[in-house]
Amino acid sequence: MKYRQNLVRITTILLILFLDFSYSLAQDKGEVHFNLGLNYPKIGFVDSDGHQSLLSDFNNVSSNHLKLGYKRKVVGDVGLLFSLISNRYDVLARYNTNSGGFNYVKYDLDYISGSLAFTLDIKLPNDLYVVPNVGLNYNYLLSGFQSFNGNLYNLKENVDFVPFSYSLNPGFYFSKSISHFINFQLGYNYVFDLVSQER
């Protein structure tokens, strides 16, 4: 029997320890960012009545983050960062069955996102910057599969599955210049979805 609860949104995503290389264009022309990172997701489920499921304790198997962005100063040290983001979530959970045993459910989800973020460059000693930022993302499911009870389901074919969401993305990164044009950056972002309505 198919697992009846519907995954309608990813409620919490931790993007931690991302590495970001930025290339500075000509003066006042902005920066191009290339970002690699790891996702540590917490998955939230709701049932057809909109109630939160208890099955939210997932283990991260292999989830990653890739971003290409363009940052430009707008006023003083305040900038805008436009990004195209790819997020993959590969998560697994074990749950108890009515018979006293247990089973597994696994999700493989690939999202693409467009993001607009505000940044603030704060200069520290030794050419080091800390850059707090907050962004708004639009997320769309490119592909999604559920493995349950030995069966594989394509979530793109499930009319109850909402394939898009909006998320708020606060965070910060440290930026250090390693050449006249290239910066090395290390940071952290906390991403959480705004409420998505079930179709």
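Just so it is clear, the structure is predicted and the values come from calculations on it, not from any experiment.

A. View of the overall build of the protein. Within the protein, the regular secondary structure consists of zero helices and eleven strands. Here the protein holds 199 residues, and the buried ones make up 42% of them. Sequence-distant contacts in the protein: of pairs separated by 6 or more residues, those separated by 24 or more amount to 64%. Split by element, the accessible area of the protein, about 11000 Å² in all, is 61% carbon and sulfur.

B. The arrangement of the packing of aromatic side chains in detail. Scanning the model with the defined rule gives four aromatic pairs in all. When the centroid spacing of 6.0 Å and the interplanar angle of 65° are considered together, the rings of Y89 and Y111 count as edge-to-face. Of the two residues, Y89 is situated in strand β5 (residues 78-96) and Y111 in strand β6 (residues 102-120); the sequence distance between them amounts to 22 residues. Classification of Y89 by relative accessible area gives buried; the value is 2%.

C. Examining the environment of F145 more closely. Mapping F145 onto the fold places it in strand β8 (residues 128-148). Exposure remark for F145: the relative accessible area of 32% places this residue in the partly exposed category. Residues F145 and L109 lie 36 residues apart in sequence; the distance between their C-alpha atoms is 6.5 Å. Sequence-distant contacts of F145, defined by excluding residues within four places in its chain, comprise K106, Y107, D108, L109, L152, Y153, N154 and L155.

D. Up close: unusual backbone geometry. In this model, N126 sits at a positive phi of 60°, which is unusual for a non-glycine residue. Looking at the secondary structure, you find N126 in the loop between β7 (122-124) and β8. Classification of N126 as exposed rests on a relative accessible area of 67%. Phi at D127 is positive, roughly 60°, even though this residue is not glycine. One can find D127 in the loop between β7 and β8. Looking at D127, the relative accessible area reads 44%, which means it is partly exposed.

E. Seen up close, the nonpolar core. One finds Y89, V91, A93, V105, Y107, L109, Y111, L141, F148, Y153, L155 and F161 forming the largest nonpolar core, which totals twelve residues. In terms of residue count, the dominant contributor to this core is β6 (four residues).

F. Structural detail: a nonpolar patch on the surface. On the surface, a cluster of nonpolar side chains totalling about 800 Å² of accessible area is made up of L84, I112, L136, Y138, Y140, L142, F164, Y166 and L194. Only β8 and β10 (164-177) provide two or more residues apiece to the nonpolar patch. Broken down by element, the residue count for the nonpolar patch peaks at four residues, all from β8. Assignment of secondary structure puts L142 in strand β8.

G. Broad picture of the pairing of strand β9 (residues 151-154). Direction of pairing for β8 relative to β9: antiparallel, over a ladder of four bridges. From the neighbouring strand, F148 faces β9, where its bridge partner is N151. Here β8 folds back onto β9, and the loop between the two strands holds two residues, one of which, N149, carries a positive phi near 55°.

H. Structural detail: the side chain of N35. Summarising the element assignment, N35 is placed in strand β2 (residues 31-46). Here N35 falls in the buried class, since its relative accessible area comes to 0%. Within the structure, the side chain of N35 is placed 3.2 Å from the side chain of H65, a separation counted as a polar contact.

I. Highlighting the pattern of salt bridges. Enumeration over the complete set of coordinates arrives at seven salt bridges. Across the pair D121 and K71 runs a salt bridge whose closest N-O atoms are separated by 2.7 Å. Residue D121 is found in the loop between β6 and β7, and its partner K71 is found in strand β4 (residues 64-75); the two are separated by 50 residues along the sequence. In this structure, K123 and D127 form a salt bridge, with 3.2 Å as the shortest nitrogen-oxygen distance. Members of the salt-bridge network, linked through shared partners, are R88, D90, K106, D108 and D110.

Definitions and cut-offs
- Residues numbered from 1 in each chain as written.
- Predicted model: local features only at pLDDT ≥ 70, side-chain atom pairs only at ≥ 80, totals over all residues.
- Heavy atoms only, no water.
- Helix = DSSP H or I, 4+ residues; strand = E, 2+ residues; numbered from the N terminus.
- Buried < 20%, exposed > 50% of the residue type's maximum accessible area, 1.4 Å probe, protein only.
- Contact = heavy atoms within 4.5 Å.
- Areas by Shrake-Rupley, 256 points an atom, 1.4 Å probe, with all protein chains shown as cover.
- Phe/Tyr/Trp six-rings, centres within 6.5 Å; stacked < 30°, edge-to-face > 60°.
- Core = buried A, V, L, I, M, F, W, Y, C linked by side-chain atoms within 4.5 Å.
- Patch = residues over 30% accessible without salt bridge, like charges linked within 9 Å, V, L, I, M, F, W, Y side chains within 5 Å.
- Salt bridge = Lys/Arg side-chain N within 4 Å of Asp/Glu carboxyl O.
- Pairing = 2+ DSSP bridges.
- Polar contact = N/O pair within 3.5 Å; in protein donor to acceptor, adjacent residues only side chain to side chain.

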